[in-house]
Structures are given as C-alpha cells and as structure tokens.
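# Tertiary structure, described
Now for the letters of each chain:
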Amino acid sequence: MSNGHPFFGIICELFGEKTDVMNKDFESIINAVAEAMDLRPCQILCKRKFKETIDARWIAVCLLSEKGYYSSRIAEWMGMTTRNVNLILSSIHLRLATEKQLRSNLETARKYLS
C-alpha cells in the first residue's frame, strides 16, 4: 500500500522518522476503510466518482481527522485540496445523520482500527 500512493515518498523525504508513524496511521485507516467497504485501497485514493469510492474517501477523511491530523495533511495524503477536506469535515455529520449505510461503514472501519 505505502508504495502505491505518490505522496508517501514525498512525505518520507520531508519529515523523516516521524513520517513512519504518520504513514502507518494513514495506511491502517485506508486499509480499514477498504476492508469495511469491500474495496481495494487504491480505489479509495483514485479519482473515481462512484458512490462507494466517494463514501470511502469521506470515511477516511473523517477517521484521519479524528486521529488528529490537520486538513492540509489529510489533503496531501488523499490527493485533495484542503478546501475539499474542510468541506467534507463540515458536512459529514449531515450525511451520517441521513445515510444509514455510510454510518454503518464508518462504524465497521472503526472496529477494524481498534
């Protein structure tokens, strides 16, 4: 997984040892979301606009934010703009309130992480 996303190499060079922990967090969250939604990790990071991949990206952004990462860092890792990450974070609660499947997938991903 870590060698499949272009940002891993750049982040490793810039931040050295601390990045190993961040890479592991990112990788474990992407893998948990992929497992919960029955997707491959590369599908979450691609630009496809199918509902299940969009939902997976939203869940990954939510979990990374819960883990304490800033929007700018999440945007780098996910290949998004900071503005899009902030939009996701500001509206995820509305989607979770109305979409049972999204809520279920988020809870399943959280279980895989624990």
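Residues numbered from 1 in each chain as written. Predicted model: local features only at pLDDT ≥ 70, side-chain atom pairs only at ≥ 80, totals over all residues. Heavy atoms only, no water.

### With respect to the layout of surface pockets
A volume near 280 Å³ is recorded for the largest pocket. Around the largest pocket, the lining comprises 13 residues; the ones closest to its centre are Lys49, Arg57, Met80, Asn84 and Ile88. Of all the secondary-structure elements, those providing two or more residues to the lining of the largest pocket are α4 (51–66) and α6 (82–98). Class assignment for the residues of the lining of the largest pocket results in seven nonpolar, two polar and four charged. (1 Å grid on protein atoms, 1.4 Å probe; cavity = no way out; pocket = protein on both sides within 12 Å on 5 of 7 lines; lining within 4 Å. Points joined across faces, edges and corners; volume = space filled by probe spheres on them. Helix = DSSP H or I, 4+ residues; strand = E, 2+ residues; numbered from the N terminus. Nonpolar A, V, L, I, M, F, W, Y, C, P; charged D, E, K, R; others polar.)

### So, helix α5 (residues 71–78)
Counting buried positions over the eight residues of α5 gives six, a clear majority of the element. Every buried residue belonging to α5 is among Ser71, Arg73, Ile74, Ala75, Trp77 and Met78, and all of these are buried. Looking one or two residues past α5, Gly79 carries a phi angle of roughly 75 degrees, positive in sign. (Buried < 20%, exposed > 50% of the residue type's maximum accessible area, 1.4 Å probe, protein only.)

### A closer look at the packing of aromatic side chains
Tallied over the full model, the rule gives two aromatic pairs. Ring plane angle 40 degrees and centroid distance 5.2 Å describe the contact between Phe26 and Trp77, whose orientation is recorded as tilted. Pair noted here: Phe26 is in helix α2 (residues 17–37) and Trp77 is in helix α5, with a separation of 51 residues, a long-range link. Across the pair, exposure class does not vary: Phe26 and Trp77 are buried alike. Seen from their ring centres, Tyr69 and Trp77 are 4.9 Å apart, and the 70 degrees between their planes marks the pair as edge-to-face. Neither Tyr69 nor Trp77 differs from the other in exposure class; each is buried. (Phe/Tyr/Trp six-rings, centres within 6.5 Å; stacked < 30°, edge-to-face > 60°.)

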